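# Understanding the architecture of this molecule
Given next are the chains, with one letter for each unit.
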Amino acid sequence: MAEKDVIRTDRAPGPFQGAPYNQAIRVGDLVFVAGQLGLSLETGALAGAGIAEQTEQIMANLGAILEAAGSGLDNLVKTTVFLMDQGDFAGMNEVYARYVGDRPPARSTVQISGLPSGALVEIEAVAHV
C-alpha cells in the first residue's frame, strides 16, 4: 500500500484548533482534501455573508491545498458540496463552474442541517496528482 502523506499549507486555513484532521492526505496519486469552509486566511472569519463570496474563498482554499500536494483544481476528480439551503445551489454553481473548467469533476451536492461558523457551504474534494 502507498504511504499516507499529510498535506499542510499556510496558504489556506488549517483545521479548527484541536480538531483531529488534516487539510489533506495524499496517498499515491490521489489527494483527499478535507471539507473547506469559506474562511478567510487573513481574518479567520467567513469571507462574506453570501454564497458567492463563501464559494469563491472555498475554491481559493482548495486550490492552495491542492497546489501544496502537487496537484491543482484542474485535476479534481470528485467533489462533495454541502449546502445549508438548496436555494443557494445556483449561486454556488455559478462560482464553482468558473474554477473547474470544461472538464469538471464528478460531484454530489446535498443539503444539510448545519455547518461550523454559520457557513452556508462546505466543499470536500479528491484530486489526481
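Here the structure is a predicted model, which is why all the values come from computation and not from measurement.

Cut-offs and rules
- Residues numbered from 1 in each chain as written.
- Predicted model: local features only at pLDDT ≥ 70, side-chain atom pairs only at ≥ 80, totals over all residues.
- Heavy atoms only, no water.
- Patch = residues over 30% accessible without salt bridge, like charges linked within 9 Å, V, L, I, M, F, W, Y side chains within 5 Å.
- Areas by Shrake-Rupley, 256 points an atom, 1.4 Å probe, with all protein chains shown as cover.
- Salt bridge = Lys/Arg side-chain N within 4 Å of Asp/Glu carboxyl O.
- Helix = DSSP H or I, 4+ residues; strand = E, 2+ residues; numbered from the N terminus.
- Phe/Tyr/Trp six-rings, centres within 6.5 Å; stacked < 30°, edge-to-face > 60°.
- Lys NZ or Arg CZ within 6 Å of the ring centre and 35° of its normal.
- Core = buried A, V, L, I, M, F, W, Y, C linked by side-chain atoms within 4.5 Å.
- Buried < 20%, exposed > 50% of the residue type's maximum accessible area, 1.4 Å probe, protein only.
- Contact = heavy atoms within 4.5 Å.
- Expected span 1.5 Å × (residues − 1).
- Arc of directions from axis to C-beta.
- 1 Å grid on protein atoms, 1.4 Å probe; cavity = no way out; pocket = protein on both sides within 12 Å on 5 of 7 lines; lining within 4 Å.
- Points joined across faces, edges and corners; volume = space filled by probe spheres on them.
- Nonpolar A, V, L, I, M, F, W, Y, C, P; charged D, E, K, R; others polar.
- Pairing = 2+ DSSP bridges.

## Digging into a nonpolar patch on the surface
A cluster of nonpolar side chains, contributed by Leu30, Phe32 and Val77, occupies part of the molecular surface with about 230 Å² of accessible area. Here Phe32 is to be found in strand β3 (residues 30–36).

## As for the packing of aromatic side chains
One pass over the structure, following the stated rule, counts 0 aromatic pairs. Lying across the ring of Tyr96, Arg107 places its NZ or CZ 4.6 Å from the centre.

## Quick notes on the nonpolar core
Core analysis: the biggest nonpolar cluster contains 24 residues, and Val33, Met59, Leu62, Val121 and Ile123 have the highest contact counts within it. Mapped by element, the contributors of at least two residues to this core are β3, α1 (51–68), β4 (76–83), α2 (89–100) and β6 (121–128). Looking at which element gives the most residues to this core, the answer is α1, with 7 residues. Contact partners of Val121, with chain neighbours within four places excluded, come to Gln36, Leu37, Gly38, Ile51, Gln54, Thr55, Ile58, Val81, Phe82, Leu83, Met92 and Leu115.

## Observations concerning α2
With 12 residues, α2 should reach 16 Å at 1.5 Å per residue; the first-to-last C-alpha distance of 16 Å fits that figure. Taken residue by residue, α2 has Met92, Val95, Tyr96 and Val100 as its buried positions. For α2, the angular spread of the buried residues around the axis is 130°, confining them to a single face. Residues Ala90, Glu94 and Arg98 are exposed on α2 and point more than 90 degrees away from its buried face. Contact partners of the buried residues in α2: α1, β4, β5 (106–111) and β6. Among the residues trailing α2, Gly101 stands out with phi positive, at a value near 70°.

## Focus: the layout of surface pockets
Quantified by volume, the largest pocket comes out at close to 250 Å³. Along the walls of the largest pocket sit 16 residues, with Gly14, Phe16, Tyr21, Gly35 and Leu39 positioned nearest its centre. The dominant element in the lining of the largest pocket, judged by the number of residues it contributes, is β3, at 3 residues. Residues of the lining of the largest pocket, tallied by class, amount to 8 nonpolar, 7 polar and 1 charged.

## Focus: the pairing of β5
Alignment of β4 against β5, held across 6 bridges, turns out to be parallel. By the bridge assignment for β5, Val81 is matched with Thr109.

These results come straight from atomic positions and should not be treated as a statement about function.
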